[in-house]
Amino acid sequence: MTLAPENGTPRPSGFEGGSDSPEKLLVPVLSAFWDEEKSWTLDVYRRHEGYEGLRKALAMSPDDLIAYVKDSGLRGRGGAGFPTGMKWQFIPQGDGKPHYLVVNADESEPGTCKDIPLLFANPHSLIEGIVIACYAIRSSHAFIYLRGEVVPVLRRLHSAVREAYAAGYLGKNILGSGLDLELTVHAGAGAYICGEETALLDSLEGRRGQPRLRPPFPAVAGLYACPTVVNNVESIASVPAILNRGKEWFRSMGSEKSPGFTLYSLSGHVASPGQYEAPLGITLRQLLDMSGGMRPGHRLKFWTPGGSSTPMFTEEHLDVPLDYEGVGAAGSMLGTKALQCFDETTCVVRAVTRWTEFYAHESCGKCTPCREGTYWLVQLLRDIEAGKGAMADLDKLADIADNINGKSFCALGDGAASPIFSSLKYFRAEYEEHITGRGCPFDPATSTAWADKPAEVNA
């Protein structure tokens, strides 16, 4: 693991160890020095070849730089997996309009927890990536849209930006290249919908965060109706290492269509939750083997490969390669690599109900399928969990989810429908047991983190 697990297990060091060592699978890049003292400072970042990728990028032409990132095969780490270089290439040049880069740091989906630790421990990797990206797309103003509740991260990010300005990595004539760049850190107001790129842009402009009708796409008319690139934190933070170490090095990891390294967020009923940085294509079985497995005395029941908005998997999917193609072929999405693992003490109905309550609460209300559909999903699920449901409610759940999926204004509706479909597919019998038994057969207390602690500790 690259950031020490929550139980204090020592941190493996990447490719060191014997050929059978599970740590050999890990590739600490973004998280290589998270455990160093004051890892977030410019001095520590420069000790680890910080801003060397920027120097190499500035020696290239913007078009060559875009082609280089495109050839590396870097794909967006925010969920969709769209090629980063291709997104940059969509920005029209010579149009006489200002161009903008907006970094989506509004991380808030249940289970997703990679960008916030990255910003907290290593913000300069993002800032360096921003400067490189802005040089490529010919932008002179970039924005970081950060979730407003994470005040400690906001303060640390502001501090890193001040350091970058003072050192000449931001501002006028960066490193003597003639590039001018202003970077604005904007704190959002805590709306999940603002993670959708066009809702984020509306929020950044001072309007209510709601998705826009597309086309036009942000690359043509984004922030202030100007060409805009919207990228995820991890996507942009990965660029400096590619420039510094080379695209061949990056492509030596992962698979042909999903090259490189990424952060996997392991959470739930596992022995050592935390951030594990590994090549794309690693499996959950391998991650569990190196992290100590599930909590002692329990077995895996179900898990999410990319957060609560992705169709759930079961124990039979332990060996699915965790890359875009592998997870897609198995019937889910890689998403944000948020690996939430639940053991046999967890009630699937209860878990799906909590997720659906989240989506109903966070729906912006702009479109009817999502606004009304998520509300009725919650009512049905609450009745089933309380033992007041009927068998006909299961088909009704699937029908409502089908009326949301693919028919809502943005992907929030699709995310709300995913756990409904997948839980009914794999655990329909458990839903039926709630109905025939007139209540939930599970004790919620047994699924808590402290359930297996000695009695005197619980006392």
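The rules behind the values
- By convention here, each chain's residues receive numbers from 1 onward along its written sequence.
- Confidence filtering applies because this is a predicted model: local features only for residues at pLDDT of at least 70, side-chain atom pairs given and counted only at 80 or more, and all residues used for totals across whole chains, interfaces and linings.
- Side-chain numbers here rest on the full set of heavy atoms in the structure, without hydrogens or water.
- UniProt positions are given in the numbering used here, feature names are shortened, and annotations may be inferred rather than shown by experiment.
- Helix and strand assignments come from DSSP, with helices taken as H or I runs of at least 4 residues and strands as E runs of at least 2, each series counted from the N terminus.
- Helix span, as expected, comes to 1.5 Å for every residue beyond the first.
- Residue burial is assigned from relative accessible area. The probe radius is 1.4 Å, only protein chains are included, and a residue is buried under 20% of its type maximum, exposed over 50%, and partly exposed in between.
- Contacts between residues were defined by any pair of non-hydrogen atoms, one from each residue, lying within 4.5 Å.
- The source of the domain bounds is an automatic or database domain assignment.
- For this scheme, ten residues count as nonpolar: Ala, Val, Leu, Ile, Met, Phe, Trp, Tyr, Cys and Pro. Four count as charged, namely Asp, Glu, Lys and Arg, and the remainder, Gly too, count as polar.
- When DSSP locates at least two bridges between a pair of strands, those strands are taken to pair.
- Under this scheme, a helix contributes an axis fitted over its contacting stretch, all axes are lines through C-alpha atoms, and angles between N-to-C directions fall in the 0 to 180 degree range.
- Every residue gets a pLDDT, meaning the predictor's confidence in that residue, from 0 to 100.
- What makes a nonpolar core is a set of buried Ala, Val, Leu, Ile, Met, Phe, Trp, Tyr and Cys residues whose side-chain atoms join them at distances within 4.5 Å.

An unreviewed UniProt entry lists the protein chain under the name NADH-quinone oxidoreductase subunit F, from Streptomyces macrolidinus. Under the heading Function (unreviewed entry), UniProt records this for the protein chain: "NDH-1 shuttles electrons from NADH, via FMN and iron-sulfur (Fe-S) centers, to quinones in the respiratory chain." What UniProt states about the protein chain under its Sequence similarities (unreviewed entry) heading is, verbatim, "Belongs to the complex I 51 kDa subunit family."

Enquirer: Got a sec to walk through helix α15 (residues 348-362)? Specific residues and values, please.
Expert: Residues spaced three or four apart along an α-helix face the same direction, because each turn holds 3.6 residues. If you check α15, its first and last C-alpha atoms are 21 Å apart, about what 15 residues at 1.5 Å a residue would give, namely 21 Å. Among the residues of α15, those classed as buried are Val348, Val349, Ala351, Val352, Thr353, Trp355, Thr356, Phe358, Tyr359 and Glu362. Looking at the packing, one finds that the buried side of α15 touches β7 (300-304), β9 (338-343), α16 (368-385) and α18 (411-436).

Enquirer: Please provide a residue-by-residue account of the domain arrangement of the protein chain, values included.
Expert: Along its sequence, the protein chain is organised into domain 1 (27-251), domain 2 (261-343) and domain 3 (348-445). Spacing between the C-alpha centres of domain 1 and domain 3 amounts to 36 Å. Taken together, the contact pairs 13 residues of domain 1 with nine residues of domain 3. Residues of the side of domain 1 that touches domain 3, tallied by class, amount to six nonpolar, four polar and three charged.

Enquirer: Tell me about the sheet that holds strand β6 (residues 274-279), and please be specific about residues and values.
Expert: As summarised here, the arrangement of the five strands in space is β6-β5-β9-β7-β8, forming an open sheet in which the pairing is mixed. Since the sheet does not close on itself, it has two edges, and those belong to β6 and β8 (313-314), each with one partner. Along the sheet face, helix α13 (residues 284-291) touches β5 (261-268), β6, β7 and β9 and points at about 65° away from the line of β5.

Enquirer: Before we move on, could you go through the confidence of the model for the protein chain and cite the residues and values that matter?
Expert: Detailed conclusions should not be drawn from predicted coordinates in areas where pLDDT is low. Residues with a pLDDT of 70 or more make up 94% of the protein chain, whose mean pLDDT is 93. Below a pLDDT of 50 lies the segment residues 1-20, which in the model reaches 43 contacts outside its immediate sequence neighbourhood of four places, other chains included.

Enquirer: Which residues make up the nonpolar core, and what are the values?
Expert: If you look at the biggest cluster of nonpolar residues, it comprises 66 residues, and the most contacted ones within it are Trp88, Leu101, Ile130, Ile144 and Leu146. Counting residues per element, this core draws most heavily on helix α6 (residues 123-137), at 10 residues. When neighbours within four sequence positions are excluded, Ile144 is seen to be in contact with Val103, Ala105, Leu126, Ile130, Leu157, Leu183, Thr184, Val185 and His186. In terms of nonpolar packing, the next biggest core, distinct from the first, is built from 45 residues, Cys347, Cys370, Ala417 and Ile420 among them.

Enquirer: Please set out the sheet that holds strand β4 (residues 228-232) residue by residue, giving values where relevant.
Expert: Taken in spatial order, the four strands of this open sheet run β3-β2-β1-β4, and their pairing is parallel. Bordering the open sheet on either side are β3 (182-187) and β4, each of which pairs with just one other strand. Taking each pair of neighbouring strands and ignoring which way they run, the sheet shows an average axis angle of 20°. Relative to β3, strand β2 (residues 141-146) runs parallel, the two sharing six bridges.

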